[in-house]
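One letter stands for each residue in the lines below.
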Amino acid sequence: MNQPPFKIDVSARIARLPPYLFGRINKMKYDKRVAGIDIIDLGMGNPTDPTPESVIEKLSEAARDPRNHRYSVSNGVAGLRREVAKKYHDKYGVELNPETEVIATIGSKEGFSHLCLALLGPGDTAIVPDPSFPIHVYAVAMAGANVIRVPLGNDQAFLDRIEKVIEGLYPTPKLLILNYPHNPTAVTIEAAFWDRAIAMCRRHGIMIISDFAYGEVCFDGYKAPSFLAADGAKELGVEFTTMSKSYNMAGWRIGFCAGNSEMVKALATIKGYYDYGIFAPIQIASIIAMREHGNVPAEQSKLYEHRRDVVCRGLDRLGWTYEKPRASMFVWARIKQEHLKGEGSIEFCLRMMDEAAVALAPGRAFGEGGENCVRIALVENEHRLKQAMQNLERVLMPRQPKPKRPKAATA
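Reading the values: the criteria
- Residues numbered from 1 in each chain as written.
- Predicted model: local features only at pLDDT ≥ 70, side-chain atom pairs only at ≥ 80, totals over all residues.
- Heavy atoms only, no water.
- Pairing = 2+ DSSP bridges.
- Helix = DSSP H or I, 4+ residues; strand = E, 2+ residues; numbered from the N terminus.
- Contact = heavy atoms within 4.5 Å.
- Axes fitted to C-alpha atoms, helices over the stretch in contact; angles between N-to-C directions.
- Expected span 1.5 Å × (residues − 1).
- Buried < 20%, exposed > 50% of the residue type's maximum accessible area, 1.4 Å probe, protein only.
- 1 Å grid on protein atoms, 1.4 Å probe; cavity = no way out; pocket = protein on both sides within 12 Å on 5 of 7 lines; lining within 4 Å.
- Points joined across faces, edges and corners; volume = space filled by probe spheres on them.
- Nonpolar A, V, L, I, M, F, W, Y, C, P; charged D, E, K, R; others polar.
- Phe/Tyr/Trp six-rings, centres within 6.5 Å; stacked < 30°, edge-to-face > 60°.
- Right-handed = clockwise from strand over helix to strand, strands pointing away.
- Salt bridge = Lys/Arg side-chain N within 4 Å of Asp/Glu carboxyl O.

Details of the sheet that holds strand β13 (residues 373-377)
Line of reasoning, step 1. Ordered by their spatial adjacency, 4 strands build an open sheet running β9-β10-β13-β12, and the pairing between neighbours is antiparallel. For this open sheet the edge positions go to β9 (321-322) and β12 (361-362), each flanked by a neighbour on one side alone.
Line of reasoning, step 2. The strands touched by helix α12 (residues 296-318) within the sheet are β9, β10 (330-334) and β13, with β10 carrying the most contacts at an inclination of about 10 degrees.

Structure below.
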């Protein structure tokens, strides 16, 4: 006797998630590569440069010690937390208690998501700029809370827009999520912005999460200000940092949350239920990275700065508009209308992968405010970036063949 097919009933949490707009891009990229096509991938901020050699050697050494093969601790080994506190003191003048105000996370994305789970629930609201890094929306949705999108900015007008939203909502939003240097747009701020944002959030009783993942990737003498360096920051917020970009350790999955002790404690509580901590040799090697390779973030920034200039020259030839970034590993550009041909950014990026063998991140995947734009990751070397921009130019601005001269008449 035939039985009806078994139905898998997923949670409402899954149903609440927005559609994953990178899905079609990733599928085409995979299919092209399986077919042997060399896709120049500028879509994902996934560093291709190597981790410092001595950090790898320390990982190998620590991995051979059987004492490191056991479960670790979910908040990170004490030496690593002390190193993070020391770095904040030396670089930003911030005093942190490594026991209560610092926690290690499995990359900043995991920590951010679990902190949203620790802070938010049904009926709560978080304010997120538009466009934004997708997890800033998804993590709030997975926690069962609501997201209010506010058009992105970096000035008083942006804060005024946020305050107007706050004053028009009941109950008051619980959390403001900010990210500078910004992903995807590379928008930056000056230190005074944090003072004004903190004052606004204190007036309304709102917490702040600062995503500072690109804080050490800066160009042209710009230095990104840390949220925690502003007066009163630790009273109402935390900041996430990561080893991924500045030390080329993306796959190592090492990040940190630092700041308000109650928020850090809430994250530690959630993590205590979910994981047993990061593999100890990775944490030990990360200590060496911070302790012995303080020059690496600046050197890596120089590489990204040169790559930025290559991409910007290519964009100039295409006639696309952009703001030359002062930080991050991305260039955010608005596609010329005649190149879009009436398409949205997702369809445009699929066409560029098909016709130019270049993968770009469609702006629409970061929110409605990103439509008609693309994010270009500076992850390939200069030669590959030049090739990518030439490929785009070849497809979007094909040279017209010269008309043939008529043959001279013969007598």
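Back to the write-up after that little detour.
Observations regarding helix α11 (residues 280-292)
Line of reasoning, step 1. With 13 residues, α11 extends 18 Å between its outermost C-alpha atoms, agreeing within 8% with the 18 Å of an ideal straight helix rising 1.5 Å per residue.
Line of reasoning, step 2. Of all 13 residues in α11, 10 are buried, a share of seventy percent or more.
Line of reasoning, step 3. Looking only at α11, the buried set comprises Ala280, Pro281, Ile282, Gln283, Ala285, Ser286, Ile287, Ile288, Ala289 and Met290.
Line of reasoning, step 4. Taken together, the buried residues of α11 touch α3 (53-63), α4 (78-92) and β8 (255-259).

Brief notes about the layout of surface pockets
Line of reasoning, step 1. Estimated volume of the largest pocket: approximately 760 Å³.
Line of reasoning, step 2. Around the largest pocket, the lining is made up of 34 residues, and of these Met44, Gly45, Lys109, Phe133 and Arg375 lie nearest the centre.
Line of reasoning, step 3. Its residues assigned to classes, the lining of the largest pocket comprises 17 nonpolar, 10 polar and 7 charged.
Line of reasoning, step 4. Taken together, 24 residues form the lining of the second largest pocket, with Lys91, Glu216, Gly294, Pro297 and Ala298 sitting closest to its centre.

Concerning the packing of aromatic side chains
Line of reasoning, step 1. A full pass over the atoms with the stated rule returns 13 aromatic pairs.
Line of reasoning, step 2. Judged by centre distance (6.2 Å) and plane angle (75 degrees), the rings of Tyr180 and Trp194 are edge-to-face. With a gap of 14 residues between them, Tyr180 in the loop between β5 (175-179) and α8 (191-204) and Trp194 in helix α8 connect regions that are remote in the sequence.
Line of reasoning, step 3. Relative accessible area serves as the criterion here: at 2%, Tyr180 is assigned to the buried category.
Line of reasoning, step 4. Site record: aromatic cluster; members linked through ring pairs are Phe158, Tyr180, Phe193, Trp194 and Phe227.

Here we look at the pairing of strand β6 (residues 207-211)
For a regular strand, side-chain orientation follows a simple rule: the groups alternate between the two sheet faces.
Line of reasoning, step 1. Burial within β6 is extensive, with 5 of its 5 residues counted as buried.
Line of reasoning, step 2. Residue alternation in β6 divides its side chains into two sets, Met207, Ile209 and Asp211 and Ile208 and Ser210, and both sets are buried.
Line of reasoning, step 3. Where β5 lies against β6, 5 bridges are found, and the strand directions are parallel. For Leu176, the partnering residue across the bridge sits in β6 and is Ile208.
Line of reasoning, step 4. The parallel pair β5 and β6, bridged by α8, forms a crossover whose chirality is right-handed.
Line of reasoning, step 5. Sheet analysis places β6 next to strand β7 (residues 237-242), joined by 4 bridges and oriented parallel. For Ser210, the partnering residue across the bridge sits in β7 and is Glu239.

Quick word on unusual backbone geometry
Line of reasoning, step 1. Following Asp130, the chain continues to Pro131 via a peptide bond in cis, the omega torsion being 5 degrees.
Line of reasoning, step 2. With respect to the helices and strands, the residue Pro131 is situated in the loop between β3 (125-130) and α6 (135-142).
Line of reasoning, step 3. With an omega dihedral of 20 degrees, the bond running from Asn183 to Pro184 counts as a cis peptide bond.
Line of reasoning, step 4. Summarising the element assignment, Pro184 is placed in the loop between β5 and α8.
Line of reasoning, step 5. You will see that Asp220, though not glycine, has its phi angle at about 55 degrees, which is positive.
Line of reasoning, step 6. Tracing the chain through its elements places Asp220 in the loop between β6 and α9 (233-236).

Brief notes about the pattern of salt bridges
Line of reasoning, step 1. All told, the structure shown has 29 salt bridges when counted by the stated rule.
Line of reasoning, step 2. Of the charged contacts, one joins Arg203 and Glu163 as a salt bridge, the two residues approaching to 3.0 Å between their closest N and O atoms. Taken together, the positions of Arg203 in helix α8 and Glu163 in helix α7 (residues 156-167) put the pair 40 residues apart, joining distant regions of the chain.
Line of reasoning, step 3. Residue classification places Arg203 among the exposed residues on the basis of a relative accessible area of 55%.
Line of reasoning, step 4. Among the salt bridges present, the one from Arg351 reaches Glu343, with a minimum N-O distance of 3.0 Å.
Line of reasoning, step 5. Each of Asp220, Arg308, Asp309 and Lys324 takes part in a single network of salt bridges with overlapping partners.

A short note on empty space enclosed by the protein
Line of reasoning, step 1. Scanning the model with the defined rule gives 1 cavity of 30 Å³ or more in all.
Line of reasoning, step 2. By volume, the largest cavity amounts to about 170 Å³.
Line of reasoning, step 3. It is α4 that provides the largest number of residues to the lining of the largest cavity, a total of 4 residues.
Line of reasoning, step 4. Per-class residue counts for the lining of the largest cavity are 9 nonpolar, 4 polar and 2 charged.

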